[in-house]
Amino acid sequence: GTPSRCTERCLQQSDIVWDDTQVILVGCMDRDKLLESLNGPPMLVEVHDRDLIADEQHAVNGPALFGQNNVNGDRSFGTQSLTESFRTGHNAFLGRLKPWSPYGVAKVDLSGLLKRERLEMVVAVESGPTPTKEERKQQELSKLVWRDETRSIPSGHYLESGTILYVRVQLAVPLWLKTKVSAESATVPVMHSPLSEISLKTSPSSCPFGRLVYVLHNPSLEQRSKLQKIIVEVNSIALNLEPLPQRRAVEHVSMHKPTRGELADPELDILTGFEMYDGEVSITVLEGLANNGLTRVFHSIPHPESNSDERCSLLYDSSLLFSRRLYGEGTGLNLMRLVMSKTLSVTLQWGKLYVRNVVPPACLSGLLALSQLLQEKSLSSVCRTNAFPSAEMLESA
């Protein structure tokens with residue numbers, strides 16, 4: 001997973017100064033992955049000001065059986081809560097779960113380091129995510145088995161209280177980024193700094209993938225069919241299906257389910273992605289090798305006539321490279337398709353959508369990500385806001 005760092009504890013005050021410094025040796029990182037990190041979602045800083053401290057008087061050596069707790073009375077007598085049948089990923093009799101405590105989250109955008117060497121930001125602190133329904137069940141079972149009577153502290157009202165986090169980021173050596181981005185040819189970004197020739201590692205295949213977002217408003221069947229035809233042609237060439245008739249090629253492409261190795265192959269020029277259509281708007285997200293099949297799609301599809309063209313929008317940046325694909329695993333090479341019975345805007349106005357446990361959390365997150373995707377004007381902003389819905393989100397929707 002992503003490496004994390006925990007600072008030392010501080011006393012609760014209105015103004016808390018951690019005075020914590022973390023040094024990252026950027027020169028030891030891969031160049032393309034460094035760019036992917038800086039252009040990607042913001043860094044999350046968790047503020048754990050409400051963590052529970054273990055109470056020694058309630059500490060026990062192990063789980064109790066019926067009738068063993070003679071001091072305070074055994075609350076488990078006459079109950080069947082311990083024998084409830086539900087799926088759980090944790091055995092409360094073998095280990096004790098740490099009680100969950102609410103915390104705040106500050107989102108720090110580091111993309112400014114591509115333009116300057118010093119960042120000083122004041123970031124608002126928001127409430128962090130809450131446990132899922134399954135995680136809450138496991139917590140309650142663990143408390144019951146281990147006779148834990150501690151109660152969780154309520155979530156903090158960080159935004160209402162005006163809680164902010166001051167962050168300063170300083171580069172010891174200026175990190176200059178020079179890119180050549182054009183519609184005619186996609187090029188790889190080049191890093192320039194006084195130490196670029198000796199410090200930054202380069203790997204031509206570390207981030208070989210690119211992404212493209214194509215949005216059509218009130219699209220015709222011909223427009224959607226043309227895009228699908230281009231995708232099938234690119235995938236047919238990658239799978240050596242060119243001699244076959246088009247209908248046979250479409251069948252083979254649809255039936256072929258790429259493995260994890262094929263999806264990570266930096267030389268296999270296949271296109272993956274998804275399409276969402278709600279009757280008014282069609283959103284197509286494609287990913288593939290940045291300098292091959294994706295470039296061919298970019299040159300083949302119709303482009304917006306102007307920046308203010310509301311009929312279609314194309315978000316593409318040849319300098320934004322990615323180390324892995326988001327889609328394609330478990331499905332055929334045909335795009336994942338999400339056809340909605342109501343428009344996305346009408347669906348998001350349904351009040352019960354935001355009531356806990358009415359719809360799966362992944363479904364709600366996917367719908368909100370699609371809505372955010374429609375509002376973005378550039379591919380870099382899509383990456384920074386993390387507006388690409390995951391495959392799990394699309395499947396739950």
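Note: the structure precedes this text.
Residues numbered from 1 in each chain as written. Predicted model: local features only at pLDDT ≥ 70, side-chain atom pairs only at ≥ 80, totals over all residues. Heavy atoms only, no water.

**Observations concerning the overall build of the protein**
- When helices and strands are counted, the protein shows 11 helices and 11 strands.
- The 397 residues of the protein split such that 38% are buried.
- Accessible area for the protein stands at about 24700 Å²; split by element, carbon and sulfur atoms hold 51% of it. (Helix = DSSP H or I, 4+ residues; strand = E, 2+ residues; numbered from the N terminus. Buried < 20%, exposed > 50% of the residue type's maximum accessible area, 1.4 Å probe, protein only. Areas by Shrake-Rupley, 256 points an atom, 1.4 Å probe, with all protein chains shown as cover.)

**What to know about the pattern of salt bridges**
- Within the structure shown, the criterion is met by eight salt bridges.
- Here D20 makes a salt bridge to R5, at a shortest N to O gap of 2.8 Å. Placement of the pair is D20 in the segment before α1 (31-39) and R5 in the segment before α1, with a sequence separation of 15 residues.
- Given the relative accessible area of 45%, R5 is considered partly exposed. (Salt bridge = Lys/Arg side-chain N within 4 Å of Asp/Glu carboxyl O.)

**Observations regarding the environment of P154**
- Among the structural elements, P154 can be located in the loop between α2 (133-145) and β4 (164-170).
- A relative accessible area of 60% means that P154 is categorised as exposed.
- Sequence separation between P154 and S101 is 53 residues; the distance between their C-alpha atoms is 8.3 Å.

**Observations concerning a nonpolar patch on the surface**
- Together, V122, I164 and Y166 give the surface a local cluster of nonpolar side chains, amounting to about 340 Å² of exposed area.
- Along the chain, the position of V122 falls in strand β3 (residues 118-127).
- For V122, a relative accessible area of 57% corresponds to the exposed category. (Patch = residues over 30% accessible without salt bridge, like charges linked within 9 Å, V, L, I, M, F, W, Y side chains within 5 Å.)

**Here we look at the sheet that holds β3**
- Overall, antiparallel pairing links the four strands, which are arranged β1-β2-β3-β4 in an open sheet. Looking at strand neighbours, the two that pair on one side only are β1 (43-47) and β4, the edges of this open sheet. Strand-to-strand twist across the sheet, computed as the mean angle between neighbouring axes with direction ignored, equals 30°.
- As defined by bridge partners, β3 adjoins β4 across seven bridges and the pair is classed as antiparallel. Bridge pairing in β4 links R118 to Q170. (Pairing = 2+ DSSP bridges. Axes fitted to C-alpha atoms, helices over the stretch in contact; angles between N-to-C directions.)

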